[in-house]
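Below, each chain spelled out in residue letters.
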Amino acid sequence: MTGDVAVAGRASFRSAWSWVRSQPTPLVIGVVILIPFLLMAAFPGLLAPHDPFKIEAIPLQPPSGSYLLGTDEVGRDLLSRCIYAARNDLLVSIASAAVAFTLGVALGLFSGYVGRRTDTILMRLVDVLLSFPTIVLALFLITIFGRSMWVQILAIALVMMPSTARFSRGEGLVLRGRGYVEASRISGGSRRHILVRHVLPNAMPTLLVAASVLASSAVLIAASLSYLGLGAQPPEPSWGNMLRSAYGVVFDAPLYGIGPGVCISLVAGAYILIGEGLRRKFRTDRNVGTLGNTVGGV
Amino acid sequence: MAGDAGRGHLQVTGLSVEYAVGARRLRALHDVSLDVPPGHRMAIVGESGSGKSTLGLAVMGLLPRNSTVSADGVVLDGTSIAIGDPSALRRVRGRSMAMVFQDAKASLDPVRTIGSQISEVLAAHRVVPRSERRAEVERLLGEVEIRRANLVARLYPHELSGGMRQRSMIATALAGRPSLLIADEPTSALDVTTQATVVDLLHRLGSTGQMSTLLITHDLALVAGFADSVTVMYAGEVIETGPVTRVYSAPAHPYTRALLASIPSIADSRAATLGSIPGSLPDPTQPTAGCQFEPRCVVGNGREMCCTVRPVEVTVAGGGSARCHFPAELGAVSDEEAKVGPVRRAVARQAPVVQMSSIVKTFGRRGLSGSQGVTVAVDDVDLRIEQGESVGIVGESGSGKTTLARVLIGLERADSGETRIAVSERLEPVQRIPSDFAQFVFQDPGDSLNPLMSVAEIIAEPLVLRDGGRAARYLPQVNDLLESVGLRSSMAERRPLELSGGQRQRVAIARALSTQPKLIIADEAVASLDMSARGQILNLLAALQQQHGFAYLYISHDLSMVRHVCDRVVVMYSGRVVETAAADSLFADPQHPYTQALISAVPVPDPVVETTRRRMLLRTEIGDQQHSGEGCAFRFRCPLAQERCHSERPTLDAAAPHAVACHFRELAVESFRAPRASEVG
């Protein structure tokens, strides 16, 4: 019995591996990059070698065996602070991208599909939002509503929503004229039915790419905000506020900024790769399906 | 050089092309050989995927990057063409050979004038000295029968009509004085009347002996009047070639024979049935060792030799050759075996299901700018469709036929007019036609079926919308519907992308049938399909009508098809109905000058008829004429137009069995029968 289980286990591992191999390369790379950050966000206590809040050693040490990335201006371990910052940065980027995506796509597809006066009015409102410089609008909102993480998330979402809405509107406009949408209208399909069953699913492949771009720019906006002192507040670490500290001591500790900087780049890049991978996956899955069925179906 | 024998002697031997798509290799051309004598007009015909366009592109050196070409030799006028060498090809391209594409709108640069695009070719190949370029441009435009060439040379592509654009394209192609002109579906984007004039032009240009012409097309009727010889392609191979009269009268390959049987001819009586070829093209990634056509062939029928040995070219009596193991046996198979299904039935006059009256539909921006830029798409049209009747609406693009159908189905709202539908034996006016009363079959099933839904979900959607519940609840109905359109119930789980064009259109029809409508509107429902699938779908539609008794409204620019499937025909021009009558009476005795021109422009798939008959040509001017509310819409192009036509709008007597909106109906009928100066031989 146990032998069977082991064989089955090995077989399922092999099939899982071949499944991974069949996925688009950018998707695999993106996920591989992102997984360590997700683990850091989930279990910072298990991964961090030191307490991120405790003053452990001489300030501004260069990287060494016991402090892999060195120490900061008050002598805390930089690696541990980078790991603890992952939770805040990932949460802010994913949550704000999700909010911006949901609102923007809903507004944009609706506006594009309905068209006419509704479209004109909605898009002029979006234009007003678009005309504010990104950071300025976020700064304004955070200054008014306070510095909590949720305000930060909503501010970033609101800043990114207009461009998503614009983008989705184009998709809605294109899909409105598609034959299957008209066919559904002829059969008595309501606006809601058509938007949910026809427009949204067919817009998804394109929109997912937009979502990945959103997530990666959310990482950058979040970092910019905390760089400006409007994100996570010290002593709470975030990649943005660590970079700000690094800037102040750049001549004394030139390697200080590498840790947080690399983290930001890797996470932003991973999101883009995942988006590109998903786009390719949607494309190739179709081809594989076609061939598989023509060969095996008849 | 070929000497005095004329120019354009093209010899292609052993040409093969493969495309790499992902990890797979698609065989596009396999061992193709052609011999085009100097000054010859050859047509290359085949279904989409047969490799006919690839052949043209390969000779021109315009293949996409993912292709691999190999050839034993491509020789034009004694000069060998290095088919794999892009820079060598660039030097000959445009000079010794030139190409005309389907869509002149896409091939011409929209931001440059026609004249500058032609002189670009003249400059690139140093055809004439700089000082003579302008005169040469005008000469070329004159050559392609464009009047006022000095004016047209200064116009931009968007200022010209479709036919004029295609002529300008041909002028550009002729600029380098090529000895070989390749025209890839040059007329399929054009209206039937324009199509006729462009083919006539190509025919005349190809008759000088100084140039050979390759016409790549799927339209066998077009070929009959144009070509000296025909090459038929199937699955990347040349399967038959020969003089046009021999191929049409005595096809030697079963595929050619089936193709010829599957095209409706406007000259045929309505009682004729349409042929169709079961099955579809073989998978290009897995070529078989034997004859590529074997799986669909009535002669081969699974014989071992056909399955395993590639047929060699055998010479055919009457000229040409064919790749078939058993050409002699083709005669034994009767024509009836290649044909399927009855298409016709006679109907007595019935009660109407739909009556549209005085429908007006305009498009354009109103309000701020007043009535400026308003286009009248449908202008005061009445339409009556009876129970179990097939009505066809024909007309050129822009005639308003599709808009009328879209108003009827409720996709557009009419500006004014009334639609009444039959509700329990009485006609009652409706704002919007009920969704289960009428259904629509779109032109392109690739677009009208949601690619993310399964076939079952697509077919069940109208039922779900009407009766609620989930798609799975209607599985029994879906299976019945699939069966009635000739698809297996295992198809229910597939997605549209996994189906062929013909299968997709069958799914679209099954969907249209699901709510058991009284009327089905088919907007160019077979136009996007291959020839062999067209016959199948038309036969299917006719069989379903016999079974269920619903009415059809066919919207089409294909008069041959309309003649085959319709009981009554409505001819539209510029948003108005100009003539309506029973199909037999309309095609036998067209009375409006526009109908006469339309019918005379349709090519017949018979080279003997095509080379002897006369064609009535319409006057065309630069750009489109906008007509005003007064007068006859057709007056600007009408050979009979007089003073009265400009001031008084002709009316249509709706009660008459053969109604015509023309002031000079008698004169028109007379002049159509007698030869006239405006006709060409």
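Everything numeric here is computed off the predicted structure, so don't read it as measured data.

Enquirer: Break down the packing of helix H7 (residues 149–176) of chain A against helix H9 (residues 191–227) of chain A for me, citing the residues and quoting the values.
Expert: Working note: a packed helix pair is described by the angle between its axes plus the distance between those axes. Residue and element names in this part refer to chain A. At a minimum axis separation of 10 Å, H7 and H9 run at an interaxial angle of 155 degrees. If you check the angle between H7 and H9, you find them roughly antiparallel. In this structure, H7 crosses over H9, and the sense of that crossing is right-handed. Listed contacts from H9 to Gln152, Ile156, Val159, Met160, Thr164, Phe167, Ser168, Glu171, Gly172 and Leu175 of H7 are Val199, Asn202, Ala203, Thr206, Leu207, Ala210, Leu214, Ser217, Ala218, Ile221, Ala222 and Leu225. Across the contact of H7 with H9, the residue classes break down as 14 nonpolar, seven polar and one charged.

Enquirer: Which residues make up the sheet that holds strand E22 (residues 568–573) of chain B, and what values do they have?
Expert: All names here are of chain B. With mixed pairing, the seven strands of this open sheet are ordered in space as E19-E20-E21-E16-E22-E23-E25. Of all strands in the sheet, those bounded by a partner on one side alone are strand E19 (438–441) and strand E25 (659–660). Bridge count for E22 against strand E23 (residues 576–582) is six bridges, and the pairing is antiparallel. Its bridge partner lying in E23, Val571 is registered against Glu579.

Enquirer: Hey, could you go over the confidence of the model for chain A for me, with residue numbers and the actual values?
Expert: Interpreting fine coordinate detail is not advised for predicted regions of low pLDDT. Residues and elements named next belong to chain A. With 92% of its residues at a pLDDT of 70 or more, chain A shows a mean pLDDT of 84. Element-level mean pLDDT values for chain A span from 69 in helix H11 (residues 258–297) up to 92 in helix H2 (residues 25–42). The model gives residues 284–298 a pLDDT under 50, and that stretch makes eleven contacts with residues more than four places away or in other chains.

Enquirer: Requested: an account of the environment of Val126(A), with residues and values cited.
Expert: Residue and element names in this part refer to chain A. Residue placement: Val126 occurs in helix H5 (residues 116–130). Since 21 C-beta atoms lie within 10 Å of it, Val126 is described here as buried. On a C-alpha basis, the gap between Val126 and Pro162 in space is 5.3 Å, while along the polypeptide they are 36 residues apart. What Val126 contacts, discounting residues up to four positions off in sequence, is Pro162, Ala165 and Arg166.

Enquirer: An account of the interface of chain B and chain A is needed here, citing residue identities and associated values.
Expert: Listed as interface residues are 23 residues of chain B and, on the opposing side, 21 residues of chain A. Mapped onto the side of chain B that touches chain A, the elements with two or more residues apiece are E19, helix H15 (445–448) and helix H16 (455–467) of chain B. Of the residues forming the side of chain B that touches chain A, the biggest block, four residues, is contributed by H16(B).

Enquirer: Can you lay out the nonpolar core for me, pointing to particular residues and giving the numbers?
Expert: In this structure, Ile156(A) and Val223(B) are the most contacted members of the largest nonpolar core, which totals 264 residues. At 16 residues, the largest contribution of residues to this core is made by helix H4 (residues 78–114) of chain A. The residues contacting Ile156(A), other than those within four sequence positions of it, are Val92(A), Ser96(A), Ala138(A), Ala218(A), Ile221(A) and Ala222(A).

Enquirer: Outline unusual backbone geometry, listing residues and values.
Expert: Non-glycine residue Arg116(A) carries a positive phi angle of around 50 degrees. Take Arg116(A): it is sitting in helix H5. Overall, the presence of 7 C-beta atoms within 10 Å leaves Arg116(A) in the exposed class. Positioned with a positive phi, Glu185(B) is a non-glycine residue whose angle comes to about 45 degrees. Assignment of secondary structure puts Glu185(B) in the loop between strand E8 (180–184) and helix H8 (192–205).

Enquirer: I'd like a rundown of H4(A), residues and numbers included.
Expert: All names here are of chain A. Over its 37 residues, H4 extends 52 Å from the first C-alpha to the last, a length consistent with the 54 Å expected when each residue adds 1.5 Å. Of all bends in H4, the biggest is about 30 degrees, found at Ala85. Across the 37 residues of H4, 26 count as buried, placing the element largely inside the fold. One or two positions beyond H4, positive phi appears at Gly115, with a value near 70 degrees.

Enquirer: Explain the sheet that holds strand E15 (residues 375–386) of chain B to me, and be specific about the residues and the numbers.
Expert: Residue and element names in this part refer to chain B. Here we have four strands laid out as an open sheet, ordered E15-E14-E17-E18, and antiparallel in their pairing. Edge positions in the open sheet fall to E15 and strand E18 (426–430), since each of these has one partner strand only. With strand direction ignored, the average angle separating the axes of adjacent strands in the sheet is 20 degrees.

Enquirer: With reference to specific residues and values, describe the pairing of strand E1 (residues 10–21) of chain B.
Expert: All names here are of chain B. Judged from the nine bridges that link them, E1 and strand E2 (residues 24–36) form a sheet pairing that is antiparallel. What sits directly across from Val21, in E2, is Arg24. Hairpin connection of E1 to E2: two residues between the antiparallel strands, including Gly22 at a positive phi of 60 degrees. For E1 and strand E5 (residues 73–76), the ladder comprises four bridges, and the chain directions are antiparallel. From the neighbouring strand, Gln11 faces E5, where its bridge partner is Val75. Across four bridges, the pairing between E1 and strand E4 (residues 67–70) is antiparallel. Within E4, the residue paired with Tyr19 across the bridge is Ser67.

The rules behind these values
- Residues numbered from 1 in each chain as written.
- Chains lettered and ligands numbered in written order.
- Predicted model: local features only at pLDDT ≥ 70, side-chain atom pairs only at ≥ 80, totals over all residues.
- Axes fitted to C-alpha atoms, helices over the stretch in contact; angles between N-to-C directions.
- Helix = DSSP H or I, 4+ residues; strand = E, 2+ residues; numbered from the N terminus.
- Parallel < 35°, antiparallel > 145°, perpendicular 65-115°, else oblique.
- Left-handed = near helix turned anticlockwise from the far one by under 90°.
- Contact = placed C-beta atoms within 7 Å.
- Nonpolar A, V, L, I, M, F, W, Y, C, P; charged D, E, K, R; others polar.
- Pairing = 2+ DSSP bridges.
- pLDDT = per-residue confidence, 0-100.
- Buried ≥ 20, exposed ≤ 12 C-beta atoms within 10 Å, placed from the backbone.
- Core = buried A, V, L, I, M, F, W, Y, C linked by C-beta atoms within 7 Å.
- Expected span 1.5 Å × (residues − 1).
- Bend = angle between axes of the 7 residues up to and from the residue.

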